[in-house]
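Coordinates in review
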Amino acid sequence: MHVGRPRGSYQANDVLLAKPSSQAIMLCLKQGMSLRETAAAVGVAVNTVRKVKAGMEMIDRVDRMDTSTE
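About the cut-offs
- The written sequence of each chain sets the order in which its residues are numbered from 1.
- Owing to the predicted nature of the model, reporting of local features is limited to residues with pLDDT of at least 70; listing and counting of side-chain atom pairs is limited to 80 or more, with chain, interface and lining totals taken over all residues.
- Hydrogens and water molecules were not included; the side-chain quantities draw on all heavy atoms of the structure.
- Note on definitions: angles span 0 to 180 degrees between N-to-C directions of axes, and those axes are lines fitted to C-alpha atoms, for helices only across the stretch in contact.
- Put simply, DSSP marks the helices as runs of H or I at least four residues long and the strands as runs of E at least two long, and each gets a number from the N terminus on.
- In what follows, roughly perpendicular refers to angles from 65 to 115 degrees, roughly parallel to angles under 35, roughly antiparallel to angles over 145, and oblique to any angle outside these ranges.
- Crossing handedness is read from the near helix: turned anticlockwise from the far helix by less than a right angle, it gives a left-handed crossing, and turned clockwise, a right-handed one.
- By definition, residues are in contact when any of their heavy atoms lie within 4.5 Å.
- Think of it as three bins: nonpolar holds Ala, Val, Leu, Ile, Met, Phe, Trp, Tyr, Cys and Pro, charged holds Asp, Glu, Lys and Arg, and polar takes everything else, Gly as well.
- What goes into a patch is any residue over 30% in relative accessible area without a salt bridge, connected to like charges within 9 Å or, for nonpolar side chains (Val, Leu, Ile, Met, Phe, Trp, Tyr), within 5 Å.
- Here, Shrake-Rupley sampling with a 1.4 Å probe gives the accessible areas, and only protein chains in the shown set may cover a residue.
- Any Lys or Arg side-chain nitrogen located within 4 Å of an Asp or Glu carboxyl oxygen qualifies as a salt bridge.
- Counted as positive: Lys and Arg. Counted as negative: Asp and Glu, with His and the chain ends omitted from the count.
- Where a charge lies is defined by one atom per residue type: Lys uses NZ, Arg uses CZ, Asp uses CG and Glu uses CD.
- The cut-offs for exposure are 20% and 50% of the maximum accessible area for each residue type, with area from a 1.4 Å probe on protein chains only; residues under the lower value are buried, those over the upper are exposed, and the others partly exposed.
- Directions drawn from the helix axis to the C-beta atoms are what define this arc.

Where helix 2 (residues 20–30) contacts helix 3 (residues 35–42), the axes come no closer than 10 Å and their chain directions differ by 140 degrees. Taken together, the axis directions place helix 2 and helix 3 in an arrangement best described as oblique. At the point where helix 2 passes helix 3, the crossing takes the right-handed sense. On helix 3, the residues touching S21, A24, I25, C28 and L29 of helix 2 are L35, T38, A41 and V42. Partitioned by chemical class, the residues of the contact of helix 2 with helix 3 number seven nonpolar, two polar and no charged.

Structure, rendered in structure tokens:
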């Protein structure tokens, strides 16, 4: 018997980063707060902050690639 999320399920970065909690996380991180400080301030788990931070970094990398090719 399988318990948990279906195999292969994931949430796209744009969907994740559009959430209000993710917006609050991004604001805290841009202000220089640590992962734990951010998690406590927003009321989410540290791993959620890590996931949002990774999504932000991926978008930054894609943006830098796009501007370097122009």
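Bringing a negative patch on the surface into the picture now. On the surface, a cluster of negative charge is made up of E57, D60, D63 and D66. Secondary-structure assignment places D60 in helix 4 (residues 46–68). For D60, a relative accessible area of 40% gives the class partly exposed.

What follows covers the side chain of S22. Looking at the element boundaries, S22 is found in helix 2. Note on S22: relative accessible area 2%, which makes it buried. Not counting chain neighbours up to four residues away, the residues in contact with S22 comprise L16, L17 and V52.

Our next topic: helix 2. The complete set of buried residues in helix 2 reads S22, I25, M26, C28 and L29. Down the axis of helix 2, the buried set is contained in an arc of 165 degrees. They therefore lie on one face. Seen from the buried face of helix 2, the exposed residues on the opposite side, beyond 90 degrees, are P20, L27 and K30. Once helix 2 finishes, G32 follows within two positions and takes phi at roughly 95 degrees, a positive value.

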